[in-house]
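Now for the letters of each chain:
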Amino acid sequence: MNETRSSYSAAGYLWRILVMGIAFSIGLAFSGALVWTLGMEFPELPGQTNYPIANLLASLLLAACIVPVTRGLAGSTGRRWIILAAFVYVSYALNNQIEAAVFTSAGGFTTMVLFFIVPSALIAAVAVHLIKNPGSTTVSTVFDDRPVSRWWWRAVLAWFAFPVIYFFFGAIIYPMVRQVYEAPDSGLVLPSGDVVLRTVLLRSLLFLLVTIPILRSWTRSRLGLTVALGIAFTATVGLVGLVQANWWPISMRIVHSVEICADSFLYAWVLAALLVPRPGRESRAPSPEPLVPAG
């Protein structure tokens, strides 16, 4: 019986991931047509090519990696949609475009910031409609019924956590990818340390702003939160983009994928540890109900 239920659940989520990925791809197509109509220019890097299959795989990967976050979000459909759409757009689109504007010569920043609005909204809308609202207890966070004086330092530490983790893992992997970054025809740029620090601090603040609503609507364990955020950050921060970046050497893409996975899970753990009290604290709502996909 358990095996049958498990198989049914897996199959149920597989088709939901497929629909979510297709929705994101439709959003990309719509945005592409809009950009063409408005006469805006896409970024261009040396050797850049566009493969529809790679784009579809990237869309499916993004869909699969936001499922764990979606499963844990409580609230109305509209609230869940806004939280998820904001998270996808900021962590996948806006933050990556900020980094691209600093670390590449591709241009097209304004185009890409606008380009991902519709796809992010679409995939989030489909996700919250297909994946049932758990309708259960939300975890207690440091923001609940507490004065700012009791949690402001935690928020500051959370803000600075991403830059520390970013520079730590970056220092480890840079010798492995240095040759690619310094190649004159790579399209990559090495800005000054001050520029990098300001960029990472801005990105960290944006990550924190779109993650806090997830924490405050979370229904599962703190470990579940860490895993869900780690998976989502791994995908949105780089893995989805690296699937499509076929113009970069495979060795560089593998190294960056491992790096992004490591710092994403560490960052997720730090956020959960700082902003969500240890298990056993009093919950804010009735007992949880089973998490079962809609339909």
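Up top is the structure.
The sections below set out a description of the structure shown in this document. (Residues numbered from 1 in each chain as written. Predicted model: local features only at pLDDT ≥ 70, side-chain atom pairs only at ≥ 80, totals over all residues. Heavy atoms only, no water.)

**Focus on the overall build of the protein chain**
Heads up, the rule is: Here a helix means four or more residues in a row that DSSP labels H or I, a strand means two or more in a row labelled E, and each is numbered from the N terminus. Burial here depends on accessible area, computed with a 1.4 Å probe over protein chains only, as a share of the maximum for the residue type. Under 20% is buried, over 50% is exposed, and the range in between is partly exposed. Residue burial considers only the protein chains on display, and all accessible areas are found by Shrake-Rupley using a 1.4 Å probe.
When helices and strands are counted, the protein chain shows nine helices and zero strands. Considering the protein chain as a whole, with its 295 residues, one finds that 49% of them fall into the buried category. Summing over all exposed atoms, the protein chain offers an accessible surface of approximately 14600 Å²; the carbon and sulfur share of this is 68%.

**Brief notes about the packing of aromatic side chains**
Defined as follows: Pairs were defined over the aromatic rings of Phe, Tyr and Trp, the Trp ring being its six-membered one, requiring ring centres within 6.5 Å. Orientation was assigned from the angle between planes: stacked under 30 degrees, edge-to-face over 60, tilted for the rest.
This model, assessed by the stated rule, comprises 15 aromatic pairs. Taking the centre distance of 5.5 Å and the plane angle of 50° together, the rings of Phe-87 and Phe-233 count as tilted. Of this pair, Phe-87 sits in helix H3 (residues 77–103) while Phe-233 is found in helix H8 (residues 222–244), placing the two residues 146 residues apart along the sequence. Given the relative accessible area of 0%, Phe-87 is considered buried. Judged by centre distance (5.5 Å) and plane angle (80°), the rings of Phe-207 and Phe-233 are edge-to-face. One end of the pair, Phe-207, is in helix H7 (residues 193–216); the other, Phe-233, is in helix H8, and 26 residues separate them in sequence. Taken individually, Phe-207 and Phe-233 each receive the classification buried, so the pair is uniform in this respect. Each member of the aromatic cluster is reached from another via a ring pair, and the members are Phe-87, Phe-162, Tyr-166, Phe-167, Phe-207, Phe-233 and Tyr-267.

**A word on the environment of Phe-42**
The line we're drawing: Working rule for contacts: check all heavy atoms of both residues, and any pair within 4.5 Å makes them a contact.
As for its position among the elements, Phe-42 is in the loop between helix H1 (2–38) and helix H2 (52–71). Residues Phe-42 and Gly-32, spaced ten residues apart in sequence, show a C-alpha to C-alpha distance of 9.3 Å. Aside from chain neighbours lying at most four places away, what touches Phe-42 is Gly-32, Val-35, Thr-111, Met-112 and Phe-115.

**Thoughts on the nonpolar core**
This is how it is decided: Buried Ala, Val, Leu, Ile, Met, Phe, Trp, Tyr and Cys residues form a nonpolar core when they are joined through side-chain atoms within 4.5 Å.
Within the largest apolar cluster, 87 residues are counted, with the highest numbers of intra-cluster contacts made by Met-20, Phe-116, Ile-214, Phe-233 and Leu-275. It is H3 that provides the largest number of residues to this core, a total of 13 residues. Setting aside residues no more than four positions away along its own chain, Phe-116 makes contact with Phe-24, Leu-28, Tyr-89, Tyr-92, Ala-93 and Gln-97.

**Focus on the state of the cysteines**
What counts here: Only a pair of cysteine sulfur atoms within 2.5 Å counts as a disulfide in this structure description.
Going through the model one piece at a time under the given rule, you end up with zero disulfides. Of the cysteine sulfurs around Cys-65, a residue in no disulfide, the closest is that of Cys-261, at 9.6 Å. Classification of Cys-261 by relative accessible area gives partly exposed; the value is 32%.

**Brief notes about the side chain of Ser-120**
Following the sequence through the fold, Ser-120 ends up in helix H5 (residues 117–130). Ser-120 gets classed as buried once you look at its relative accessible area, which sits at 1%. When sequence neighbours within four positions are dropped, the list of residues in contact with Ser-120 reads Phe-24, Ala-85, Val-88 and Tyr-89.

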